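# Results of the structural survey
Below are the chains, spelled out letter by letter.
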Amino acid sequence: MPDMNEQPQKYVILTHALNREFKVRQKTEGLAASIRNFFAPDYKTVNAVNQLEMQIGQGEIVGFLGPNGAGKTTTLKMLSGLLVPTSGTIEVLGHTPFSRNHNFLRSISLVMGQKQNLWWDLPPIETFAIHRRIYGLSDQEYNERIRELVEMLEIADCLETQTRKLSLGQRMRCELAVSLLHQPKILFLDEPTIGLDILMQKKIRNFLLDYHRRFKPAILLTSHYMDDVAALAQRVIVIDHGTKVFDGYLSDLTHKLHPEKIVSVVLNNGEFACKPEEGCRLIHQDGQHYRFLVERNRVPEIAAKLYATGNIADLTIEDPPLEDLIGQLFKSETRNS
Amino acid sequence: MNIFAASGKLEVLAAYFKIILTYRGMLLIHGLRLLLLPMVLASAWLSIEKTPGNPYGDSDYLLYYLLVPLIMNLTDSRIVFKFSLAVKDGSLNRDLLKPFPPLLGYLLESIANNALQLVYLIPFSFAFWLFVRDRIVLTHLQPSLLLFFLIAIIVGWLARLVVSGSIALFSFWIEDVTTLNLVLNGGIWALLGGMIVPVATFPEKIRYIAGLLPYRYMLSFPIEIFSGRLSTAEIYQGFVTAIMWIVLFSVIMRIIWKSGLKTYTAYGG
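The shown structure was predicted, so the numbers you read here are calculated from the model rather than taken from an experiment. (Residues numbered from 1 in each chain as written. Chains lettered and ligands numbered in written order. Predicted model: local features only at pLDDT ≥ 70, side-chain atom pairs only at ≥ 80, totals over all residues. Heavy atoms only, no water.)

## Regarding the overall build of chain A
What counts, and what does not: Going along the chain from the N terminus, every DSSP run of H or I of four or more residues is numbered as a helix, and every run of E of two or more is numbered as a strand. With a 1.4 Å probe rolled over the protein chains alone, any residue whose accessible area is under 20% of its type maximum counts as buried; one over 50% counts as exposed, and the rest are partly exposed. Should any heavy atoms of two residues lie within 4.5 Å, those residues are counted as being in contact. Each accessible area value is a Shrake-Rupley result obtained with a 1.4 Å probe; residue values ignore everything except the protein chains displayed when judging cover. When charges are counted, neither His nor the chain ends are considered; positive counts come from Lys and Arg and negative counts from Asp and Glu. Here the site of a charge means atom NZ of a Lys, CZ of an Arg, CG of an Asp or CD of a Glu.
When you go through chain A residue by residue, the secondary structure sums to eleven helices and 13 strands. Across the 337 residues in chain A, those meeting the buried criterion constitute 52%. Intrachain contacts of chain A at a sequence separation of at least 6 include 71% that bridge at least 24 residues. When the accessible surface of chain A is summed, it comes to about 15900 Å², and 50% of that surface belongs to carbon and sulfur atoms. Taking the average location of the 39 positive side-chain charges in chain A and that of its 41 negative ones, the two points are 6 Å from each other.

Quick look at the structure:
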């Protein structure tokens, strides 16, 4: 666990030695193999989640990262009570998720794609009305929350259209609205912006930030869009092949994997030489546009040097793209294993 | 899973009514499905020569097949198709994550569906009755018989729901339960339930077996009551047998549900 959790705090999600295995049927190519497999099926046991330890505090936003098949969705399903672990323990808000206690279900929401909560054949407003009763909301609570969510998500114009006829973006926003109507204490988000255009992704991210600021639910988020993670989560848990490979601040992950920053500079004219012994190396040059990798502790020095030339049209200093970092992490884990 | 204490039952029931009303074409198609086969069978039974031992005359067949579509509809259940689809497309997840008993939705859907089919079936049956009323004898109908008839419909509906539900829950393990349903439920139900042949016209041994199995109570039994063919003792005996099946299959359903959920892998990875 990262340092941030060493201080006493109330954990809303706790897992210990969590495992989930799946039996997967195997078959080699060909008719003979099919016949053999018919009489004697061959199964392989896949360890989708392996000895996972997870502690998430109240109101935390945690990015849950990993390549396809790493076990992220399986973990979310176990935490929300959809799947039973093969072994290990889970405690979410003091409940064992798989017992599906109604008090537990009233305290969580899982958003997994755009077809999770909305009634496909009815307009979203009908789903909201059903949820209102199922979750036992008073008229006042319902009216206030609907007003807030409709306003924050800008969905007033699609409330009365049949859900199946809504665009992906509209559906996703309505999906979020219905998932949040009962103000869950924990929100599991599995790829909430998948398939959406950049503008819509940003809208959803801003909404989630705004919502979190106001209501402080714990959020566990998986996303392949690193912009989502960078914008929403300070802390990330990275898993690969079901095993946790990193748990900590996003900035720590960046420092650990990439002790350098990217300095991009556009010169008005002339050249700029960068020496490896100064902790700087050129990675790209296109005319007057240079990109250097600079050791983090040498960045101020190099930047000062650049400014001193009095020849700078533009200068940016940034961390390497999160995608690259995560990719690098998975590669190193694969090599180690 | 307390289905009586769950909040939102009426709203979910209303939602199913709204969905069915959205798809008017489907409603009509299901209505036709319920009408066509009994009409064909009625025509067949009326046109063939009856054997001497057959207790049914033309008027009995007419009344029987006048009621078959109505009872078939009122005891109908599509849980096999709906539940297996929910397992396959992952929409079962939605139900599992709500503080609402997941299987209650299928019961409410069945109520909505069966009630709305009456929109087509009652006018059709009434028109059919007007056409053949001179040949149908209803003088034996007493309020008590009508009450037994209504109770038998509810019992038949529950019996069909739990038998179909038990088969539906095998979707946790089997990709396609519709074939299993066709074997264990559809075929035997059509024969021993009294759809193809009225149970009362079976040879005694088969009639005895039909009386022991649950299928008769899903279709033939209410019609037999309405036709005045059963004594009060036979009616009570029928209720006891049917309720025993309902209890047995409810327990089976519960066991399969609990065990199935443990193997449920939902979708995605």
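## A few points about a nonpolar patch on the surface
Definition in use: To count toward a patch, a residue needs a relative accessible area above 30% and no salt bridge. Like charges then connect within 9 Å, nonpolar side chains (Val, Leu, Ile, Met, Phe, Trp, Tyr) within 5 Å. Whenever Lys or Arg places a side-chain nitrogen within 4 Å of a carboxyl oxygen from Asp or Glu, that contact is recorded as a salt bridge.
A contiguous nonpolar patch, built from Leu31, Ile35, Phe38 and Phe39 of chain A and spanning about 530 Å² of accessible area, is present on the exposed surface. Mapped onto the elements of the fold, Phe38 of chain A is located in helix H1 (residues 31-39).

## Quick look at the interface of chain A and chain B
Quick reminder of the rule: Computed with a 1.4 Å rolling probe, the buried area is the accessible surface lost when two parts are put together, summed over both parts.
Listed as interface residues are 34 residues of chain A and, on the opposing side, 29 residues of chain B. Summed over both sides, the interface between chain A and chain B buries roughly 2800 Å², with carbon and sulfur atoms accounting for 60% of that surface. If you sort the residues of chain A by the area they bury against chain B, Leu82, Trp119 and Ile134 of chain A come out on top, with a joint share of 22%. There are two salt bridges connecting chain A and chain B. Its salt-bridge partner being Glu11 of chain B, residue Arg133 of chain A comes within 3.2 Å of it at the nearest N-O pair.

## Observations concerning the pairing of strand E5 (residues 108-112) of chain A
Residue and element names in this part refer to chain A. Under the convention used in this document: We treat two strands as partners when DSSP finds at least two bridges between them.
Burial analysis of E5 places five of its five residues in the buried class, which makes it a mostly covered element. By the alternation rule, side chains of E5 split into Ile108, Leu110 and Met112 and Ser109 and Val111, which are all buried. Note that E5 and strand E6 (residues 186-190) share five bridges and pair parallel. Pairing of Met112 across the sheet is with Asp190, part of E6.

## Let's talk about the nonpolar core
The following threshold applies: Here, nonpolar core refers to any group of buried Ala, Val, Leu, Ile, Met, Phe, Trp, Tyr and Cys residues whose side-chain atoms link them within 4.5 Å.
The biggest cluster of nonpolar side chains holds 102 residues, and the ones touching the most others in it are Phe83 and Ile225 of chain B. What Phe83 of chain B contacts, discounting residues up to four positions off in sequence, is Leu92, Leu103, Tyr106, Ala168, Leu169, Ser171, Phe172 and Trp257 of chain B. Residues Leu118, Leu232 and Leu250 of chain A together with Tyr16 of chain B belong to the second largest nonpolar core, which totals 67 residues.

## Section: the packing of helix H2 (residues 24-47) of chain B against helix H3 (residues 58-74) of chain B
All names here are of chain B. For the record, the criterion: Axes here mean lines fitted to C-alpha atoms, for a helix over just the part in contact, with angles spanning 0 to 180 degrees between N-to-C directions. Reported orientations rely on four angle classes, namely roughly parallel under 35 degrees, roughly antiparallel over 145, roughly perpendicular from 65 to 115, and oblique for the rest. A clockwise turn of the near helix away from the far one marks a right-handed crossing, whereas an anticlockwise turn of less than a right angle marks a left-handed crossing.
It is the contact of H2 with H3, at a shortest axis distance of 9 Å, that shows an interaxial angle of 165°. By the angle between their axes, H2 is roughly antiparallel relative to H3. Where H2 crosses over H3, the two elements pack in a sense that is right-handed. In this structure, H2 uses Leu34, Leu35, Pro38, Leu41, Ala42, Trp45 and Leu46 to contact H3, whose residues at the interface are Asp58, Tyr61, Leu62, Tyr65, Val68, Pro69, Met72 and Asn73.

## Comments concerning the pattern of salt bridges
Residue and element names in this part refer to chain A. Throughout the structure, instances matching the rule amount to 22 salt bridges over all chains. With its nearest N and O atoms 3.4 Å apart, the salt bridge here joins Glu154 to Lys203. Remark: Lys203 occurs in helix H7 (residues 198-215) and Glu154 occurs in the loop between helix H5 (139-153) and helix H6 (168-180); sequence separation between them is 49 residues. A residue is classified by how much of its surface remains accessible, and Glu154, at 45% relative accessible area, is partly exposed. Owing to a relative accessible area of 36%, Lys203 belongs among the partly exposed residues under this scheme. Between Arg298 and Glu301 there is a salt bridge, and its shortest N-O distance comes to 3.1 Å. Judged by relative accessible area, which is 42%, Glu301 ranks as partly exposed.

## Topic: the confidence of the model for chain B
Going by this rule: pLDDT measures how confident the predictor is about each residue, on a scale from 0 to 100.
Looking at chain B as a whole, the pLDDT averages 88, with 97% of positions reaching at least 70. The complex model carries a pTM of 0.82, and its ipTM stands at 0.80.

## Notes on the packing of aromatic side chains
Residue and element names in this part refer to chain B. Selection criterion: When two rings of Phe, Tyr or Trp (its six-membered ring) have centres within 6.5 Å they constitute a pair, described as stacked for plane angles under 30 degrees, edge-to-face for angles over 60, and tilted for the intermediate range.
Across all of its chains, the model carries 23 aromatic pairs over all chains by this definition. Between the aromatic rings of Tyr217 and Phe221, the centroid separation amounts to 5.1 Å while the plane-to-plane angle is 65°, which identifies the pairing as edge-to-face. Look at Phe221 and you get buried, because its relative accessible area is 1%. Measuring from ring centre to ring centre gives 5.8 Å for Trp245 and Phe249, while their planes differ by 35°; the resulting arrangement is tilted. Pair noted here: Trp245 and Phe249 are both in helix H11 (residues 232-263), with a separation of four residues, about one helical turn.

## A few points about the pairing of strand E9 (residues 243-249) of chain A
All names here are of chain A. Sheet analysis places strand E8 (residues 235-240) next to E9, joined by six bridges and oriented antiparallel. Bridge assignment links Val236 to a residue of E9, and that residue is Gly248. Counting the residues in the hairpin turn of E8 and E9 gives two residues, including His241, whose phi is positive at 50°.

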